[in-house]
Amino acid sequence: VSGVGFLVGFRVQTDALGYLAGVALVLLFGYSLSWVFATVGLAVKDPETAQAAAFPIMAPLVFASSVFVPVASMPSWLQPFAEHQPVSVVASAARSLMSGTPSDNYVLQALAWIVGIVAATDDGKLLLIEQDRPAVGKRVIEIPAGLAGDEDGMETEALAEAARSRAGARDGAR
């Protein structure tokens, strides 16, 4: 993505550290959102439903953000939301890191959003959503000896047993 940006005229106006910090911030934000969408994927029955469920989450975040247009050009009723939602905050933080302008406020807000989003997920489940399917993601698949790379199957069995005991301990704690 950076390569395309450079091809269309984007220029970093700071040192390599500022550029790498901006890229790292965007990657961390992508990581945090991946937990949200993994949760959505676990909560629905099929991939098509997961895709349809993701749209109402992403559409307002992307289109009502400062990614495409300045917040000041938006209607006054939309500006408070657009200025403080996570996509705008992360975009502003990355822009300021890569342009060399003061960015502490944006970077701290972006990190707060990232930590908050990750903290709101627990084992791939949003704390605010009840799972209807209790066994999702906790099934241990037995791999026949020889297919897992060990000849006698001992290593495979040990891994399967460890997974079963972790799943049992986790289920007992809930």
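Note: the structure precedes this text.
The sections below set out a description of the structure shown in this document. (Residues numbered from 1 in each chain as written. Predicted model: local features only at pLDDT ≥ 70, side-chain atom pairs only at ≥ 80, totals over all residues. Heavy atoms only, no water.)

## Quick word on the overall build of the protein
Now for step 1: Looking only at helices and strands, the protein has seven helices and two strands in total.
Now for step 2: Along the chain direction, N to C, the helices and strands of the protein fall in the order α-α-α-α-α-α-β-β-α.
Now for step 3: Taking all 174 residues of the protein together, 29% fall into the buried category.
Now for step 4: The contacts in the protein between residues at least 6 apart in sequence include a share of 54% that link residues at least 24 apart.
Now for step 5: Of the accessible surface of the protein, which amounts to about 11500 Å², a share of 67% is contributed by carbon and sulfur atoms. (Helix = DSSP H or I, 4+ residues; strand = E, 2+ residues; numbered from the N terminus. Buried < 20%, exposed > 50% of the residue type's maximum accessible area, 1.4 Å probe, protein only. Contact = heavy atoms within 4.5 Å. Areas by Shrake-Rupley, 256 points an atom, 1.4 Å probe, with all protein chains shown as cover.)

## Here we look at helix 3 (residues 47-63)
Now for step 1: The terminal C-alpha atoms of helix 3 lie 24 Å apart, and with 17 residues this matches the ideal 24 Å at 1.5 Å per residue to within 8%.
Now for step 2: Of all the bends in helix 3, the largest measures some 30° and sits at Phe55, one to four residues before the proline Pro56.
Now for step 3: Residues of helix 3 that are buried make contact with helix 2 (16-43), helix 4 (79-84) and helix 5 (86-99). (Expected span 1.5 Å × (residues − 1). Bend = angle between axes of the 7 residues up to and from the residue.)

## Concerning the environment of Ser66
Now for step 1: Within the secondary structure layout, Ser66 lies in the loop between helix 3 and helix 4.
Now for step 2: Given the relative accessible area of 10%, Ser66 is considered buried.
Now for step 3: When neighbours within four sequence positions are excluded, Ser66 is seen to be in contact with Val71, Met74, Ser88, Ala91, Ser92 and Arg95.

## Considerations on helix 2
Now for step 1: Counted at 1.5 Å a residue, the expected span for helix 2 with its 28 residues is 40 Å, and the 41 Å between its end C-alpha atoms agrees.
Now for step 2: Residues of helix 2 that are buried include every one of Gly18, Tyr19, Gly22, Leu25, Phe29, Ser32, Leu33, Val36, Thr39 and Val40, and no others.

## Quick look at the nonpolar core
Now for step 1: Ranked by size, the top nonpolar core spans 14 residues in total, and within it Leu25, Phe29, Ala93, Ala110 and Ile117 carry the most contacts.
Now for step 2: Of all the secondary-structure elements, those providing two or more residues to this core are helix 2, helix 5 and helix 6 (104-119).
Now for step 3: For Ala93, the residues in contact, after removing those within four places along its chain, are Leu25, Tyr106, Val107 and Ala110.
Now for step 4: Of all hydrophobic cores here, the second largest spans five residues; its members include Val71, Met74, Leu78 and Ala82. (Core = buried A, V, L, I, M, F, W, Y, C linked by side-chain atoms within 4.5 Å.)

## So, the side chain of Gln85
Now for step 1: Considering the arrangement of structural elements, one finds Gln85 in the loop between helix 4 and helix 5.
Now for step 2: Polar side-chain contacts of Gln85 include one of 2.6 Å to the backbone oxygen of Leu61.
Now for step 3: There is a polar contact of 2.7 Å between the side chain of Gln85 and the backbone oxygen of Ala64.
Now for step 4: Contacts of Gln85, omitting those with residues within four sequence positions, involve Pro60, Leu61, Ala64, Ser65 and Trp113. (Polar contact = N/O pair within 3.5 Å; in protein donor to acceptor, adjacent residues only side chain to side chain.)

## Focus on the packing of aromatic side chains
Now for step 1: For the structure on display, the rule yields four aromatic pairs.
Now for step 2: Ring plane angle 40° and centroid distance 6.0 Å describe the contact between Phe6 and Tyr19, whose orientation is recorded as tilted. Linking Phe6 in helix 1 (residues 2-7) with Tyr19 in helix 2, this pair joins segments that are 13 residues apart in sequence.
Now for step 3: Look at Phe6 and you get partly exposed, because its relative accessible area is 32%.
Now for step 4: Centroid distance Phe63 to Phe68: 6.2 Å. Interplanar angle 20°. Geometry classified as stacked. No difference in accessibility class separates Phe63 from Phe68, as the two residues are exposed. (Phe/Tyr/Trp six-rings, centres within 6.5 Å; stacked < 30°, edge-to-face > 60°.)

## Observations concerning the environment of Val107
Now for step 1: Counting through the fold element by element, Val107 comes out in helix 6.
Now for step 2: Here the alpha-carbon distance between Val107 and Ser96, two residues eleven residues apart in the chain, equals 8.6 Å.
Now for step 3: Excluding residues that lie within four positions of it along the chain, Val107 makes contacts with Ala93 and Leu97.

## Notes on the packing of helix 5 against helix 6
Now for step 1: Two elements in contact, helix 5 and helix 6, have axes whose closest approach is 8 Å; the angle formed by their N-to-C orientations is 140°. With respect to their mutual orientation, helix 5 and helix 6 come out oblique. Helix-helix and strand crossings are classified by hand; for helix 5 and helix 6 the assignment is left-handed. Taking contact as the criterion, the partners of Pro86, Val89, Val90, Ser92, Ala93, Ser96 and Leu97 in helix 5 are, on helix 6, Tyr106, Val107, Gln109, Ala110 and Trp113.
Now for step 2: Residue composition of the contact of helix 5 with helix 6, grouped by class: nine nonpolar, three polar and no charged. (Axes fitted to C-alpha atoms, helices over the stretch in contact; angles between N-to-C directions. Parallel < 35°, antiparallel > 145°, perpendicular 65-115°, else oblique. Left-handed = near helix turned anticlockwise from the far one by under 90°. Nonpolar A, V, L, I, M, F, W, Y, C, P; charged D, E, K, R; others polar.)

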